[in-house]
Amino acid sequence: MDKTALDSLIFDDSFTRALPADSEPRNYRRQVIRSCYSHVIPTKVSKPTLVSYAKEVAAQLNLDSDACESDQFTQVFSGNDLLAGMRPYAACYGGHQFGNWAGQLGDGRVINLGEIVNPQGERLTLQIKGSGLTPYSRTADGLAVLRSSVREFLCSEAMHHLGVPTTRALSLVLTGEKVKRDMFYDGHPQMEPGAIVCRVAPSFIRFGNFQIHAMRGEMELLKALVDYTLRHHFPHLGEPSKEVYIAWFQEVCSTTAKMIVEWMRVGFVHGVMNTDNMSILGLTIDYGPYGWLENYDPNWTPNTTDAGRRRYRFSHQHKIALWNLYQLANAIVPLIGETEPLEEALDAYAEIYTQQWLSMMGKKLGLHTINPEKDDALIAELLAILEWVETDMTLFYRKLANILISRNPSKDGGDEDFLSIFMDAYYQPEQLTSEYKARFGRWIQSYKSRVAEENIPDDIRQKQMNAVNPKYVLRNYLAQQAIDRAEQGDHAMIAELLELLRHPYDEQPDKEAFASKRPDWARNRPGCSMLSCSS
């Protein structure tokens, strides 16, 4: 038999080679101690069917369309077949969930197929989500359903093309089987189509990988995992030592801050920022009950489990990231022997986030330079205005670029004409009171005066603003429409959204409908407003 492109993938599992495995070969739910992972075999499925694949991720793996559309591809990424060199495993980790230590968590429905080394020398870990029981499945079944898998597949790629650090998604496969899920945790479970997503990243190591060993007092194992992480993912910092541990934590703080700033830029709300969902590489990881901020509401959370406390609300994400970094610091402090350098890194996180956020907001407003004395107040007033009436965040910033900057801004913009630019962004135009119009008009005047100081031609400013303010995001109702159709056997909208979201900053005139604000029917519909952790 001729060797295929899939058979040519080079597997070289540095993680399993360097770190200790679970000594128990049987696959059953249990506490796994003194180990970083357990070897497991994916559960075979009855009728795998390829729904979609991301051509850019395939290209990273040196796979062409023929390989991706082959039966072998579907069999491998449904877990039915293993390629030479694959020795699948599930990782052991713990975590704080909603602020409370949850103990051992681990890859309960994810199985790592292995690390590949592509022709460019990059290491990429492949893992399939929804592929059956592992020792870490706790009371769950290790499976995933189509609705959550569609959301993860599309959002992983949407975030990448938006320029947000993220794990990627290679493929989406139907299993041909039904999975029981209680979507609302209200005692009314239903049978849903099963599905599997293949996720791809340089590493899926999370804060929780370190926490579990620290909490158990497994200090030799903690050190081994930290040293492995440094050598394989942070080699530029040098060989492991106390000083390098500190530099590593500083870098993790910095990359985490920058990731959160990118979430805020595009209006993404993760929804479940537990420490086991925080990547050590500063990547967005684990797309569960996430959502996109449509009307600007800083207190919105997409997670029904979080509806009461709103711990993971949009405006609180940077603070939660800092809290999570504190937990990582607590885990690694035994390796350093003192807290002061870690505390300094945590203080620096706050400074980095503030600076990066202010710079990001300046770019969204078309400002090349930031003057905190002027711009803090300008930005704060805008955010208050956006919250005052129900305003679509994505549409508003995109339309703001259309404001013309007069050489004499005090003589124009004083009437209501500017409002016509933004009308498509308002969900309830009847909220536009005279008081609101006056306040927004004053802000527009201040904004035009501030932008005029930079003396940038309108067309150049508009182009620069449109490069950071997307026209297309994976709106919640769009994802739900694609799910509804897919559950009826029509996968066309998944492909259409995947193509649309490859170019989120471009106009795409034939796709204008996908840039529209949330329709009224989707305001409170499940999947379009809030989601549970059920998948």
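Note that the coordinates shown come from a computational prediction; the quantities given were computed from them, not determined experimentally.

> Before we go on, may I ask you to explain the overall build of the chain in this structure?
Within the chain, the secondary structure is distributed over 17 helices and 11 strands. Radius of gyration (C-alpha) of the chain: 24 Å, near the 24 Å computed for a compact globule of 535 residues. In the chain, which comprises 535 residues, the proportion classed as buried is 58%. Counting only contacts in the chain whose residues sit at least 6 apart along the sequence, the fraction spanning at least 24 positions is 72%. Here the chain carries 56 positive and 68 negative side-chain charges, and the mean point of each set is 3 Å from the other.

> Whenever I open this one, helix α5 (residues 146-162) confuses me. Can you help?
Since there are 3.6 residues in each turn of an α-helix, residues three or four apart along the chain are aligned in direction. Its 17 residues place the ends of α5 24 Å apart at the C-alpha level, agreeing with the 24 Å of an ideal helix rising 1.5 Å per residue. Burial within α5 is extensive, with 16 of its 17 residues counted as buried. Remark: Gly163 follows α5 within two positions and exhibits a positive phi of approximately 90°.

> Just to check I follow, could you spell out helix α11 (residues 372-388) for this structure?
The first and last C-alpha atoms of α11 sit 24 Å apart over 17 residues, in line with the 24 Å expected at 1.5 Å per residue. Where the residues of α11 are buried, they touch α10 (340-364), α12 (393-400) and α14 (434-452).

> It is not clear to me how the pairing of strand β8 (residues 168-181) should be interpreted in this structure. Could you clarify?
Counted residue by residue, β8 has 10 buried out of 14 residues, so it is predominantly covered. Pairing analysis gives four bridges linking strand β2 (residues 49-53) to β8, with the strands arranged antiparallel. Residue Thr49 lies in a different strand from β8, and its bridge partner there is Leu174. Examined bridge by bridge, β8 and strand β9 (residues 190-201) share 10 bridges and lie antiparallel to one another. Following the sheet pairing, Ala169 is matched in β9 by Arg199.

> How do you make sense of the nonpolar core when you look at a structure like this?
If you look at soluble globular proteins, the nonpolar side chains tend to sit buried side by side. If you look at the biggest cluster of nonpolar residues, it comprises 125 residues, and the most contacted ones within it are Phe249, Trp292, Leu365, Phe440, Trp443 and Leu497. At 14 residues, the largest contribution of residues to this core is made by helix α8 (residues 242-266). Filtering out sequence-adjacent residues up to four positions away, Trp292 remains in contact with Cys155, Met159, Leu162, Val266, Gly267, Phe268, Trp300, Val473, Leu474 and Asn476. If you look at the next biggest cluster of nonpolar residues, it comprises 33 residues, including Ala67, Ile116, Tyr136 and Ile212.

> Looking at this model, I keep getting lost on empty space enclosed by the protein. Mind explaining?
The method is simple in principle: a probe with the dimensions of a water molecule rolls over the atoms, and the space it marks as empty is what remains. By the definition in use, this model includes two cavities of 30 Å³ or more. Taken as a whole, the largest cavity spans an internal volume of roughly 150 Å³. Around the largest cavity, the lining comprises 17 residues; the ones closest to its centre are Phe15, Tyr89, Asn112, Phe204 and Ile205. In terms of residue class, the lining of the largest cavity is built from eight nonpolar, six polar and three charged.

> Is there a simple way to explain the pairing of strand β4 (residues 94-97) in this structure?
For β4 and strand β5 (residues 100-104), the ladder comprises three bridges, and the chain directions are antiparallel. Residue pairing for β5: His96 is matched across the bridge by Trp101. The antiparallel pairing of β4 with β5 creates a hairpin that spans two residues between the two strands, and Phe98 there sits at a positive phi of about 55°.

> In this structure, what is going on with unusual backbone geometry? I would like to understand it.
Residues apart from glycine generally show negative phi values, whereas peptide bonds are mostly found in trans. Positioned with a positive phi, Arg138 is a non-glycine residue whose angle comes to about 55°. Of note, Arg138 is situated in the loop between β7 (123-129) and α5. The phi dihedral of Asn455 is positive, around 55°, even though this residue is not glycine. Of the residues examined, Asn455 reaches a relative accessible area of 51% and is grouped as exposed.

> What's the story with the state of the cysteines in this structure? I'm lost.
For the coordinates displayed, the defined rule picks out zero disulfides. Of all cysteine sulfurs in the structure, the one in Cys92 sits closest to Cys36, which takes part in no disulfide; the separation is 7.5 Å. For Cys68, which is in no disulfide, the shortest distance to another cysteine sulfur is to Cys198 and amounts to 10 Å. Cys68 sits in the buried class, given a relative accessible area of 0%.

> For this particular structure, what's the right way to read the packing of aromatic side chains?
Each aromatic ring pair is summarised here by two numbers: the centre-to-centre distance and the angle between the ring planes. With the rule as written, the count across this model stands at 27 aromatic pairs. A ring pair is formed by Tyr436 and Phe440, whose centres lie 5.7 Å apart and whose planes are at 40°; its orientation type is tilted. A residue pair is termed a helical-turn pair when its members lie 3 or 4 positions apart in one helix, as Tyr436 and Phe440 do in helix α14 at four residues. Across the pair, exposure class does not vary: Tyr436 and Phe440 are buried alike.

> Before we go on, may I ask you to explain the pattern of salt bridges in this structure?
Under the counting rule described, the total for this entry stands at 34 salt bridges. The closest approach of N and O atoms between Arg199 and Glu152, which form a salt bridge, is 2.8 Å. One end of the pair, Arg199, is in strand β9; the other, Glu152, is in helix α5, with 47 residues separating them in the sequence. For Glu152, a relative accessible area of 1% gives the class buried. For Arg231, the salt bridge identified is with Glu239, shortest N-O distance 3.0 Å.

> Where do I start with the confidence of the model for the chain in this structure?
Any region with low pLDDT has predicted coordinates that should not be read closely. Overall, the prediction assigns the chain a mean pLDDT of 95, with 96% of residues at 70 or greater. Predicted confidence for residues 409-415 stays below pLDDT 50, and this span has 12 contacts to residues more than four positions away or in other chains.

So, how was this worked out
- Residues numbered from 1 in each chain as written.
- Predicted model: local features only at pLDDT ≥ 70, side-chain atom pairs only at ≥ 80, totals over all residues.
- Heavy atoms only, no water.
- Helix = DSSP H or I, 4+ residues; strand = E, 2+ residues; numbered from the N terminus.
- Rg over C-alpha atoms; globule rule 2.2 N^0.38 Å.
- Buried < 20%, exposed > 50% of the residue type's maximum accessible area, 1.4 Å probe, protein only.
- Contact = heavy atoms within 4.5 Å.
- Lys, Arg positive; Asp, Glu negative; His and termini not counted.
- Charge placed at Lys NZ, Arg CZ, Asp CG, Glu CD.
- Expected span 1.5 Å × (residues − 1).
- Pairing = 2+ DSSP bridges.
- Core = buried A, V, L, I, M, F, W, Y, C linked by side-chain atoms within 4.5 Å.
- 1 Å grid on protein atoms, 1.4 Å probe; cavity = no way out; pocket = protein on both sides within 12 Å on 5 of 7 lines; lining within 4 Å.
- Points joined across faces, edges and corners; volume = space filled by probe spheres on them.
- Nonpolar A, V, L, I, M, F, W, Y, C, P; charged D, E, K, R; others polar.
- Disulfide = S-S within 2.5 Å.
- Phe/Tyr/Trp six-rings, centres within 6.5 Å; stacked < 30°, edge-to-face > 60°.
- Salt bridge = Lys/Arg side-chain N within 4 Å of Asp/Glu carboxyl O.
- pLDDT = per-residue confidence, 0-100.

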